[in-house]
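Residues per chain are reported as follows:
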Amino acid sequence: MGIRQAIADIRIMNELFTMAEQEAAALGDEMPGAEHLLLAVLAMPDDSARRAFATFDVTAADVRTAIVHTHSLALQSVGIDAAAAEPTEPTRTGPYRSAGSLQDVFQRAVALSKEGAGRGHTLRSAHVVWAAAELEHGTVSRALRQLGIDPGDLQQAARQAVAAGETD
């Protein structure tokens, strides 16, 4: 990987992590997780993530609604009314804190982007969708079920969106 690609990857990483933190704060969550990273890529200029979801006639707003509903159901399962719950203020203890699920998805997305390194590896938003769809448990997998999206089908749609982006 050349220095230009490394710099581009760092810029994408910084943008994504900042957006994921903002998504977590907007939803009242202390730390960003995979679901916040997914929302972040759906807002990026690279539209490959949105194209992957469009395969199922699902918009970024639909994904956000499913995640909010999934969070609400999780709170209800432990006896907390989501509407009455006080939003948490993010506690900063360093330059960046995140849940392990965000780190796992991001690392997997980078690995997926490098699998295409022969064509010039570029991390695309659909790589993150692809990696998130591989999660078997957690908010993302529950939100996908709520949306009626089979994770394997979403992975395929993300692969196609990445491939389409490489030919643009």
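Quick note: structure is the one above.
Definitions and limits used
- Along each chain, residues carry numbers from 1 onward, in the same order as the chain's sequence is written.
- This being a predicted model, a pLDDT of at least 70 is required before a residue's local features are given, and a value of 80 or more before pairs of side-chain atoms are given or counted; all residues contribute to the totals for chains, interfaces and linings.
- Only hydrogens and water are set aside when side-chain values are computed; all heavy atoms of the structure are taken into account.
- We call a set of buried residues a nonpolar core when its members are Ala, Val, Leu, Ile, Met, Phe, Trp, Tyr or Cys and they connect through side-chain atoms within 4.5 Å of each other.
- For every residue, the accessible area obtained with a 1.4 Å probe (protein chains only) is divided by the maximum for its type, and the residue is called buried under 20%, exposed over 50%, and partly exposed between those limits.
- Put simply, DSSP H or I for four residues or longer makes a helix, DSSP E for two residues or longer makes a strand, and each gets a number counted from the N terminus.
- The contact rule is simple, with two residues in contact once any of their heavy atoms fall within 4.5 Å.
- Salt bridges are defined as contacts in which a side-chain nitrogen from Lys or Arg sits within 4 Å of a carboxyl oxygen from Asp or Glu.
- Every axis corresponds to a line fitted to the C-alpha atoms, with the helix fit spanning only the stretch in contact, and the corresponding angles, defined between N-to-C directions, vary from 0 to 180 degrees.
- Every angle not falling under 35 degrees, over 145, or within 65 to 115 is termed oblique; those three ranges are roughly parallel, roughly antiparallel and roughly perpendicular.
- In this scheme, a crossing is called left-handed if the near helix is turned counterclockwise away from the far one by less than a right angle; it is called right-handed if the turn is clockwise.

**Student:** Looking at this structure, I do not really get the nonpolar core. What am I missing?
**Tutor:** One recurring pattern in soluble globular proteins is that nonpolar side chains are buried together. By size, the foremost hydrophobic cluster in this structure holds 43 residues, and its most contacted members are Leu16, Leu37, Leu38, Phe53 and Val129. The set of elements that each furnish at least two residues to this core consists of helix H1 (3-26), helix H2 (34-42), helix H3 (48-54), helix H4 (60-77), helix H5 (100-115), helix H6 (125-133), helix H7 (139-147) and helix H8 (151-167). Look past the residues within four positions of Phe53 in its chain and what remains in contact with it is Leu38, Leu42, Val58, Val63, Val129, Leu144, Ile149 and Leu154.

**Student:** Explain the pattern of salt bridges to me, please; I cannot follow it from the model alone.
**Tutor:** Close approach of charged atoms allows side chains of opposite charge to pair. A full pass over the atoms with the stated rule returns 5 salt bridges. Among the ionic pairs, Arg51 bridges to Asp47, the shortest N-O distance being 3.1 Å. Owing to a relative accessible area of 27%, Arg51 belongs among the partly exposed residues under this scheme. Taking the shortest distance from any N to any O, the salt bridge between Glu115 and Arg108 comes out at 3.6 Å. Here Arg108 falls in the partly exposed class, since its relative accessible area comes to 29%. One salt-bridge network, in which partners are shared between bridges, spans Arg108, Glu115 and Glu134.

**Student:** Is there a simple way to explain the packing of H2 against H6 in this structure?
**Tutor:** A pair of packed helices can be characterised by two numbers: the angle between their axes and the separation between those axes. Between H2 and H6, the least distance of the axes is 9 Å, while the angle of their chain directions is 150°. The angle between the axes of H2 and H6 places the two elements in the roughly antiparallel class. In terms of crossing hand, the pair formed by H2 and H6 is left-handed. Listed contacts from H6 to Leu37, Leu38 and Val41 of H2 are Ser125, Val128, Val129 and Ala132.

**Student:** I'm lost on the side chain of His127 in this one. Help?
**Tutor:** By secondary structure assignment, the location of His127 is in helix H6. Sequence-distant contacts of His127, that is, excluding residues within four places in its chain, are made with Ala109, Leu112, Ser113, Thr122 and Val162.

**Student:** Explain the environment of Ala54 to me, please; I cannot follow it from the model alone.
**Tutor:** Residue position: Ala54 is located in helix H3. Since its relative accessible area comes to 41%, Ala54 is described here as partly exposed. For the pair Ala54 and Ala157, spaced 103 residues apart in sequence, the C-alpha to C-alpha distance is 9.0 Å.

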